[in-house]
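Report on the structure
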Amino acid sequence: MRDSIYTIPVSEVFEPMDGCPICRLRDTLEKRCVEYIMGAAMMEPDIREETNKAGFCSFHFQKMLHSRNRLSIALMLESHLDYIKKDIFGQKQRVDVKQGIFRKGDSRLDQTKNMTKTCYVCDKIQWALSRMVDTTLNLWEKEESFRELYAKQPVLCLEHYTLLADRAQAKMSRKSLPGFMEATTSLTTKYLDQLKEDVSSFCRLYDYRNAGKGEPEESVVTSVERAIWYLTSRNPSQDDNASTN
Ligand SMILES: [Zn+2]
Ligand SMILES: [Zn+2]
């Protein structure tokens, strides 16, 4: 089953206790998806059909550029461009002469609009993440030991706090929801409180009154990058380091 590459045990997500567990899960899913489509799956007609239609976002094109040789990405691009050429621009287009615009529904504009909004990797990650989040909510409701493990997580970034809280509001029982929300909010706010302090300390480094007071702490030096990560779920240097991930 090719979907099995997107199945990751919950223990692998929550037991390492290193940063945001959902960021780590997302990174693993992303790595597996990119490796899969750049490897043998690239030549499989049904995968090719999906990548031709969905295309990729700029971030995941970057990941692909860094991950393997250029031939893999060139073959995928060749097929994707050919699809755009033949299936979108190669079809006869009905034009509404009165308004000078394409008719709704069958226009190539609709097709290009859709394509610019989709990414094969983003779509797969989103699908796999929502399945994992449902498993997480289920476990939290059923198992005391998992509730303890969940509460010990070092942080939830803002994006993944939002993902978990939003899914919980839609899926969780009224009985479990308040406790889950409290635990989840606490994971993101305890980090936020310290982060805000660290960024303030970073700003104070530039105050002349603090000149010559010695080396700042590591947590202060890294606070700007960590704040950007906390707000976006992406490390600002991640793009540059893609080849070493
Ligand atoms: Zn995260
Ligand atoms: Zn993407």
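Let me begin by describing the structure that accompanies this report. (Residues numbered from 1 in each chain as written. Chains lettered and ligands numbered in written order. Predicted model: local features only at pLDDT ≥ 70, side-chain atom pairs only at ≥ 80, totals over all residues. Heavy atoms only, no water.)

This model, assessed by the stated rule, comprises eleven aromatic pairs. Taking the centre distance of 6.2 Å and the plane angle of 90° together, the rings of Y6 and W127 count as edge-to-face. On the criterion of sequence distance, the pair formed by Y6 in the segment before α1 (10–14) and W127 in helix α7 (residues 120–142) is long-range, its members being 121 residues apart. Take W127: its relative accessible area is 33%, and that puts it in the partly exposed class. Ring geometry for F56 and Y120: centres 6.4 Å apart, planes at 65°, overall edge-to-face. (Phe/Tyr/Trp six-rings, centres within 6.5 Å; stacked < 30°, edge-to-face > 60°. Helix = DSSP H or I, 4+ residues; strand = E, 2+ residues; numbered from the N terminus. Buried < 20%, exposed > 50% of the residue type's maximum accessible area, 1.4 Å probe, protein only.)

Time to look at the coordination of the zinc ion (ligand 1). Each protein donor to the zinc ion (ligand 1) is listed here as C20 (SG), C23 (SG), C157 (SG) and H160 (ND1); together their distances run 2.0 to 2.4 Å. Note that the zinc ion (ligand 1) binds four donor atoms; their angles at the metal cover 95 to 119°, and the shape is tetrahedral. Site description for the zinc ion (ligand 1): donor spacing in sequence, C-x2-C-x133-C-x2-H. H160 shares its class with C157; the two are buried. (Donors = N, O, S within 2.8 Å, 3.2 Å for Na, K, Ca; no water. Tetrahedral: all angles 85-135°; square planar, octahedral: opposite > 155°, others 65-115°.)

It is worth spelling out the pattern of salt bridges at this point. In total, this model carries ten salt bridges according to the counting rule given. Ionic pairing is found between K86 and D82, a salt bridge with its closest N-O pair at 3.1 Å. Within this pair, K86 and its partner D82 are both found in helix α5 (residues 70–88), separated by four residues, close to a single helical turn. Judged by its relative accessible area of 47%, K86 falls in the partly exposed class. Residue class for D82 comes out partly exposed when judged on its relative accessible area of 32%. Among the ionic contacts, a cluster of salt bridges with common partners joins R26, D27, E30 and R234. (Salt bridge = Lys/Arg side-chain N within 4 Å of Asp/Glu carboxyl O.)

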